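Residues per chain are reported as follows:
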Amino acid sequence: MNATNKLKIFNDPIYGFISIPNTLIYDLIQHPYFQRLRRISQMGMTYLVYPGAHHTRFHHALGCLHIMQKAVQTLQFKGVSISDKEQNALYIAILLHDIGHGPFSHAMEHSIVEDVHHEQLSLLFMEQLNEEFDGKLALAIQVFKGEYHRKFMLQLISSQLDMDRMDYLRRDSFYSGVAEGNINSERLIQMMNVQDDYLVIEEKGIYSVEKFLVARRLMYWQAYLHKTSVVAELILTKILKRAKELTHKGLELESSKPLRFFLQNKVELLDFNAEILNTFSQLDDYDVLSAIKAWQFHEDFVLSSLCKMIINRDLLKIKMLEEKPNKDILDSYKISFMKLHDLSEKEVDYFVFKGKIKNQAYNKDSEPIRILKKDKTIEDVVQASDQLNLKALSKPVTKYFICFPKVTLEA
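Residues numbered from 1 in each chain as written. Predicted model: local features only at pLDDT ≥ 70, side-chain atom pairs only at ≥ 80, totals over all residues. Heavy atoms only, no water.

Asks: Would you mind going over the pattern of salt bridges with me for this structure?
Replies: Note that side chains of opposite charge can pair when their charged atoms are close. Counting across every chain of the model gives 22 salt bridges. Among the ionic pairs, arginine 39 bridges to aspartate 284, the shortest N-O distance being 2.6 Å. With arginine 39 in the loop between helix H2 (32-35) and helix H3 (57-77) and aspartate 284 in the loop between helix H14 (274-280) and helix H15 (285-295), this pair connects stretches of sequence that are 245 residues apart. Aspartate 284 gets classed as buried once you look at its relative accessible area, which sits at 6%. (Salt bridge = Lys/Arg side-chain N within 4 Å of Asp/Glu carboxyl O. Helix = DSSP H or I, 4+ residues; strand = E, 2+ residues; numbered from the N terminus. Buried < 20%, exposed > 50% of the residue type's maximum accessible area, 1.4 Å probe, protein only.)

Written out as structure tokens, the structure reads:
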């Protein structure tokens, strides 16, 4: 394909047209590792709460690329020098920042792989692609790892006001229909600047930053940490754990080849070589959902019951609590469900358990969002804002919960 044919345009319902800036970006998008993101949903199990939330990580990555282009244009217009090489490094790093996500990523990080986080896998994928593309991703990798001397470049990719958050809040709000999450990303980008090598927001943009932080808090409570999304993701984690347990006992479970590999083997970060990475790249939502559809008819009571819950959206009951749950309540649910189905203590733990969720819209202890005042001084947004609620948004809020089968209510 000749070079001009590679300068394609994507139509996006949020930004309109998204253009591909050069042929290298086109070739990265065309790579099977990246095309896999079309088959990985952005919001995991949230579609069980908001039926519209079926957009993919592919879509999100393209959105991030688009707003990174806008951010670079704005900064260059304001006199920040960004070379062509640096520009391209930013585009590659933001395009590939989520390439390490697996199917239903957060559930998978604690079941299919052993505490391997998607950021670590993204880096492994980038390094593999760098070999295939003759070292053309080297600078992007340096920026992504925070090893490049220009700090603001990392902040555009990973900070409390980065292109990733800016796209996913707006996109997740659009597809879920949770209007409170909608943010004005154009205005935020127009207000960006660089001072003393830090990414800053000009003072007149402070209200947009406040709205962004409030939107983030609301999206967490109404979508990402919605109690039904939380319980569905936990059931999914338990399904994969049970499947792994049964496989290790020698039972043959119906599944795709790549999924079977991760069920049979304990895979930690240090185990990842080119071959295992390639097997991981063949996994997507379809492997997991097809397996769950098959496993709902398995003779193992634990596995089949949990799978039916997901397929038929007949989930465990989740009860939110202000303080840590009482052990006696948990035990009473366990005893009644164990009697009902003749389960062991280990088996009942798949159905009755506790947990907690934490939401913090703004973290004062990590890299701050900096406001550039008119006198060219820099201040943390919490100090610069006249809004008392920003101080409140900095406090982590923890909620506790217990999950148990609905039948134990009737028992």
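Let us keep going from here.
Asks: I tried to follow a positive patch on the surface on my own but got confused; where do I start?
Replies: Where like charges cluster on the molecular surface, the positive patch consists of Lys324, Lys354, Lys356 and Lys358. Relative to the assigned elements, lysine 354 resides in strand S6 (residues 353-359). Its relative accessible area of 55% is what places lysine 354 among the exposed residues. (Patch = residues over 30% accessible without salt bridge, like charges linked within 9 Å, V, L, I, M, F, W, Y side chains within 5 Å. Areas by Shrake-Rupley, 256 points an atom, 1.4 Å probe, with all protein chains shown as cover. Lys, Arg positive; Asp, Glu negative; His and termini not counted. Charge placed at Lys NZ, Arg CZ, Asp CG, Glu CD.)

Asks: Which parts of the structure should I look at to understand unusual backbone geometry?
Replies: The phi torsion of most residues other than glycine is negative, and most of the peptide bonds are trans. Phi angles above zero are rare outside glycine, and aspartate 196 is one such case at about 50°. In this structure, aspartate 196 sits in the loop between strand S3 (192-195) and strand S4 (198-202). Owing to a relative accessible area of 57%, aspartate 196 belongs among the exposed residues under this scheme. Phi at aspartate 197 is positive, roughly 70°, even though this residue is not glycine. For aspartate 197, the position within the fold is in the loop between S3 and S4. Overall, the relative accessible area of 22% leaves aspartate 197 in the partly exposed class.

Asks: I tried to follow the packing of aromatic side chains on my own but got confused; where do I start?
Replies: The geometry of an aromatic ring pair is captured by the separation of the ring centres together with the interplanar angle, meaning the angle of the planes. What the rule picks out here adds up to 14 aromatic pairs. Ring centres of phenylalanine 262 and phenylalanine 280 lie 5.9 Å apart, and the angle between their planes is 80°; this geometry places the pair in the edge-to-face category. Here phenylalanine 262, found in helix H13 (residues 257-264), pairs with phenylalanine 280, found in helix H14; they are 18 residues apart in sequence, far enough to count as distant. Taking relative accessible area as the criterion, phenylalanine 280 reaches 0% and is therefore assigned buried. For the ring pair tyrosine 333 and phenylalanine 404, a centre distance of 3.9 Å and an interplane angle of 10° mean the geometry is stacked. One end of the pair, tyrosine 333, is in helix H17 (residues 327-341); the other, phenylalanine 404, is in strand S9 (residues 397-404), and 71 residues separate them in sequence. Grouping residues by exposure puts tyrosine 333 and phenylalanine 404 together as buried. What links up through ring pairs into an aromatic cluster is the set Tyr33, Phe125, Phe261, Phe262, Phe272 and Phe280. Cation over ring: lysine 399 sits above tryptophan 221, and NZ or CZ is 4.0 Å from the ring centre. (Phe/Tyr/Trp six-rings, centres within 6.5 Å; stacked < 30°, edge-to-face > 60°. Lys NZ or Arg CZ within 6 Å of the ring centre and 35° of its normal.)

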